[in-house]
Amino acid sequence: MARKIERIVIHCSDSPNGRTLFTGKPGDKNFTTPLHEIDNWHRVRGFKRLSGWRRVQEPTLTSIGYHFLIYVAGAVVGARHVDEIGAHAQGYNATSLGICIIGKDKFTRAQWEALKRLIESLQASYPGVEIVGHRGLPGVSKTCPNFDVAAWLAGGKQPLAGHVLLDESVGSVA
C-alpha cells in the first residue's frame with residue numbers, strides 16, 4: 001500500500017565537499033559505496049530497516065534512513081523504497097521522502113542537475129508535495145542541507161551562487 005507523501009526533505013551528507021565517499025576499489029574486499037558508507041553511519045546511530053523492506057529493495061543496507069542519494073558525479077541511487085518509512089527527519093518520516101546530496105555546502109553542477117530532475121520527477125508522482133530542506137522543518141536546529149531550499153526553488157531550481165563546487169575541486173569519482 002502506498003504511503004501518503006506530503007513533503008520531500010532535502011539533506012546533505014555533511015561530508016567534505018567533493019569527497020565521493022567511495023572507499024577502496026571495485027572488486028576489493030574493502031570497497032564501499034556512498035550508500036554503504038552512510039548505511040554504516042546510520043547503523044552507529046541506531047537506525048534500523050525492517051527485514052521485509054530489505055527484501056524489497058537494497059537488502060545489504062540495514063540502516064540507511066534516506067530514500068535517495070545523489071553522488072558527487074550526479075548519479076541518483078535509491079536506498080529505501082518510497083513506500084518504506086524513512087529515518088531522516090524525526091517527526092516527519094511517516095509522510096516524507098528523504099534525499100541526501102553528498103557534500104557539505106557546495107555541490108557539483110551534475111549534483112544540482114540531478115537534484116532538479118529528481119525533485120521534478122517526484123513532484124509529478126506526488127502532486128502538491130512540499131519541498132523543504134531539513135533545516136526548514138519546525139523544531140529542527142540543524143543547518144542541513146546548508147543551502148536555502150526555498151531560494152533554490154524560487155530561482156527555478158538553478159544552482160545557488162556560492163554553492164557550486166568547481167570540477168577541479170572534486171576528488172576521485174569511482
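Below, the structure is looked at part by part. Throughout this document, residue positions are counted from 1 along each chain, in the order its sequence is written. In keeping with the model being predicted, local features are shown solely for residues with a pLDDT of at least 70 and side-chain atom pairs are shown and tallied solely at 80 or more, while totals for entire chains, interfaces and linings include all residues. Excluding hydrogens and water, the side-chain figures rest on all heavy atoms present in the structure.

**Structural notes on the nonpolar core**
Link 1 in the chain: Grouped together as the largest cluster of nonpolar side chains are 25 residues, with contacts concentrated most on Ile 99, Leu 115, Phe 147 and Trp 152.
Link 2 in the chain: For this core, the elements supplying multiple residues, two or more each, are β1 (7–12), β2 (68–70), β4 (96–101), α3 (109–125) and α4 (149–154).
Link 3 in the chain: Only runs of H or I of at least four residues qualify as helices and only runs of E of at least two qualify as strands under DSSP, and these elements are numbered from the N terminus. For this core, the element with the most residues is α3, which contributes six residues.
Link 4 in the chain: We call two residues in contact when some of their heavy atoms are within 4.5 Å. For Leu 115, the contacting residues outside a window of four places in its chain are Ile 10, Ile 70, Ile 99, Phe 147 and Trp 152. Working definition of a nonpolar core: buried Ala, Val, Leu, Ile, Met, Phe, Trp, Tyr and Cys residues. They are joined through side-chain atoms within 4.5 Å. Only protein chains enter the accessibility calculation, which uses a 1.4 Å probe. A residue is then buried if its area is under 20% of the maximum for its type, exposed if over 50%, and partly exposed in between.

**As for the packing of aromatic side chains**
Link 1 in the chain: Geometry of aromatic contacts follows a simple scheme: Phe, Tyr and Trp rings, the Trp one being its six-membered ring, pair when their centres are within 6.5 Å, and the pair is stacked under 30 degrees between planes, edge-to-face over 60, tilted otherwise. Scanning all chains against the criterion turns up six aromatic pairs.
Link 2 in the chain: Here Phe 22 and Tyr 71 contribute two aromatic rings whose centre-to-centre distance is 5.4 Å and whose plane-to-plane angle is 85°, an arrangement assigned as edge-to-face. Note that Phe 22 is positioned in the loop between β1 and α1 (34–44) and Tyr 71 in the loop between β2 and β3 (76–78), a separation of 49 residues in sequence. There is no split in this pair, since Phe 22 and Tyr 71 are both buried.
Link 3 in the chain: Between the aromatic rings of Trp 112 and Phe 147, the centroid separation amounts to 4.9 Å while the plane-to-plane angle is 65°, which identifies the pairing as edge-to-face. Of this pair, Trp 112 sits in helix α3 while Phe 147 sits in the loop between β5 (130–133) and α4, and the two are 35 residues apart along the sequence.
Link 4 in the chain: Owing to a relative accessible area of 1%, Trp 112 belongs among the buried residues under this scheme.
Link 5 in the chain: Residue classification places Phe 147 among the buried residues on the basis of a relative accessible area of 1%.
Link 6 in the chain: Among the aromatic residues, those joined into a ring-pair cluster are Phe 107, Trp 112, Phe 147 and Trp 152.

**Regarding α1**
The α-helix advances 3.6 residues per turn, and as a result positions three or four apart in sequence lie on the same side.
Link 1 in the chain: Buried residues of α1: Pro 34, Leu 35, Glu 37, Ile 38, Asp 39 and His 42, and no others.
Link 2 in the chain: Structurally, α1 contributes buried residues whose contacts are with β2, β3 and β4.
Link 3 in the chain: Backbone geometry just downstream of α1 places Gly 46 in the positive-phi region, at approximately 95°.

**A short note on the pattern of salt bridges**
Link 1 in the chain: Here a salt bridge means any side-chain nitrogen of Lys or Arg lying within 4 Å of a carboxyl oxygen belonging to Asp or Glu. The final tally for this structure, using the stated rule, is seven salt bridges.
Link 2 in the chain: For the salt bridge of Asp 39 with Arg 43, the shortest nitrogen-to-oxygen distance reads 2.7 Å. Of this pair, Asp 39 and Arg 43 both sit in helix α1, four residues apart, which is roughly one turn of the helix.
Link 3 in the chain: Taking relative accessible area as the criterion, Asp 39 reaches 1% and is therefore assigned buried.
Link 4 in the chain: The class of Arg 43 is partly exposed, set by a relative accessible area of 38%.
Link 5 in the chain: Salt-bridge contacts for Glu 84 lead to Arg 80; the nearest nitrogen and oxygen are separated by 3.6 Å.
Link 6 in the chain: Judged by relative accessible area, Glu 84 falls into the buried class, the value being 2%.
Link 7 in the chain: Here the salt bridges do not stand alone but share partners, grouping Arg 49, Arg 80 and Glu 84 into one network.

Everything listed here is a matter of geometry and, on its own, says nothing about what the molecule does.
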